[in-house]
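Coordinates in review
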Amino acid sequence: MSGFRGFCRLLGVAGGTSTVVLLAAQNSKDGQFLKSRFLLNAETDAKVRRSAKWDYNWDARNPATNPSMDPPSNARRNIILIRHGQYNLEGQEDKDRYLTELGLQQAKITGERLAEMALPYTSIAVSGMKRAIQTANIVHETLPNVPLLPQDTILNEGDPIETEPRGSWYPDYEYYVDGARIEAAFRKYFHRAESAQTEDSYEIVVCHANVIRYFLCRALQLPPEAWLRFSLRHASITWLVIRPDGEVNCRGIGESGHFPVDKLSVT
């Protein structure tokens, strides 16, 4: 019995704890085999809370909800979000917030990584800010046959929504000013394929950390105020897939494994 008590002490089983571990032992016929089973009984208030069910009409394009729509496409949209490279933080205006030498290298490495992936890329969209434009131009050099779309200022960096937990990250008026624009950008770039689309698309979007993190939360139907809980490295890759039935899955968040360690940066 002392062996059993010692084993329990090793497991940290003590009287009065809210978690009980039950040890069941069964000897085989010859007494040589010991089968152990552990059951963990948590208190009822420790149960994982389930969130709301998936909203299949999140993009207002669910055929079941909108019967007047054209027949749905069977194609998937792959949205590949690229954060710009490291930039000059000392710049007071956008024109002075250009990529650093490291940022230029990061953009080139990510462009090469995208080329190595050899996906049938559809287009490259980019915000109207200098650091993103520079990054997109370098990526385009490695993917010269992929159309580089006109700059889209709706993708510019900003403050999407008040964070939870709250802090002194941004003044409230910035959320008020930027939030509607960034939400409009989400609705523009995130939706299931139009009925005329017959093949899967792979759409590169070069923009900014706050915007990408907000897109990620919205697309996965996570609380949008959780966007600041993620951290994205410069020139990292975030990949979301929008399926024909309206489900969205994530193939990567802030991937930066293609960088040597000395080329990694966040701010």
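See the structure shown above.
Conventions and cut-offs
- Residues numbered from 1 in each chain as written.
- Predicted model: local features only at pLDDT ≥ 70, side-chain atom pairs only at ≥ 80, totals over all residues.
- Heavy atoms only, no water.
- Helix = DSSP H or I, 4+ residues; strand = E, 2+ residues; numbered from the N terminus.
- Expected span 1.5 Å × (residues − 1).
- Buried < 20%, exposed > 50% of the residue type's maximum accessible area, 1.4 Å probe, protein only.
- Contact = heavy atoms within 4.5 Å.
- Axes fitted to C-alpha atoms, helices over the stretch in contact; angles between N-to-C directions.
- Parallel < 35°, antiparallel > 145°, perpendicular 65-115°, else oblique.
- Left-handed = near helix turned anticlockwise from the far one by under 90°.
- Nonpolar A, V, L, I, M, F, W, Y, C, P; charged D, E, K, R; others polar.
- Patch = residues over 30% accessible without salt bridge, like charges linked within 9 Å, V, L, I, M, F, W, Y side chains within 5 Å.
- Areas by Shrake-Rupley, 256 points an atom, 1.4 Å probe, with all protein chains shown as cover.
- Salt bridge = Lys/Arg side-chain N within 4 Å of Asp/Glu carboxyl O.
- Pairing = 2+ DSSP bridges.

**Looking at helix α4 (residues 172-189)**
Across its 18 residues, α4 extends 26 Å between first and last C-alpha, which sits within 8% of the 26 Å expected from 1.5 Å per residue. For α4, every residue scored as buried is listed here: Y175, D178, G179, I182, E183, A185, F186 and Y189. Against the buried residues of α4 lie β3 (77-83), β4 (123-126), β5 (201-207) and α5 (209-219).

**A closer look at the packing of helix α2 (residues 101-117) against helix α3 (residues 130-142)**
In the contact formed by α2 and α3, the axes pass within 8 Å of each other and the chain directions differ by 40°. Considering their axes alone, α2 and α3 lie oblique with respect to each other. By crossing handedness, the relation of α2 to α3 is classed as right-handed. Where α2 abuts α3, its residues L104, A107, K108, G111, E112, L114 and A115 lie against Q134, T135, I138, V139 and T142. Tallied by class, residues from the contact of α2 with α3 come to six nonpolar, four polar and two charged.

**Focus: a nonpolar patch on the surface**
A cluster of nonpolar side chains, namely Y173, Y176 and V177, defines an oily patch on the protein surface of about 430 Å² accessible area. Residue placement: V177 occurs in helix α4. For V177, a relative accessible area of 55% puts it in the exposed group.

**Thoughts on the sheet that holds β3**
Either a parallel or an antiparallel arrangement is found when strands of a sheet pair, and the pairing is made through backbone hydrogen bonds. Spatial ordering of the open sheet is given by β4-β5-β3-β6-β7, a layout of five strands whose pairing is mixed. The sheet is open, and its two borders are formed by β4 and β7 (248-255), each paired with just one other strand. Ignoring which end each strand starts from, the neighbouring axes of this sheet average 15° apart. Sheet analysis places β3 next to β5, joined by seven bridges and oriented parallel. The residue bridging I82 from the neighbouring strand is V206, located in β5. Packed on one face of the sheet, α2 meets β3, β5 and β6 (237-242) and runs near 40° to β6. Relative to the sheet, α5 contacts β3, β5, β6 and β7, its axis offset from that of β3 by approximately 150°.

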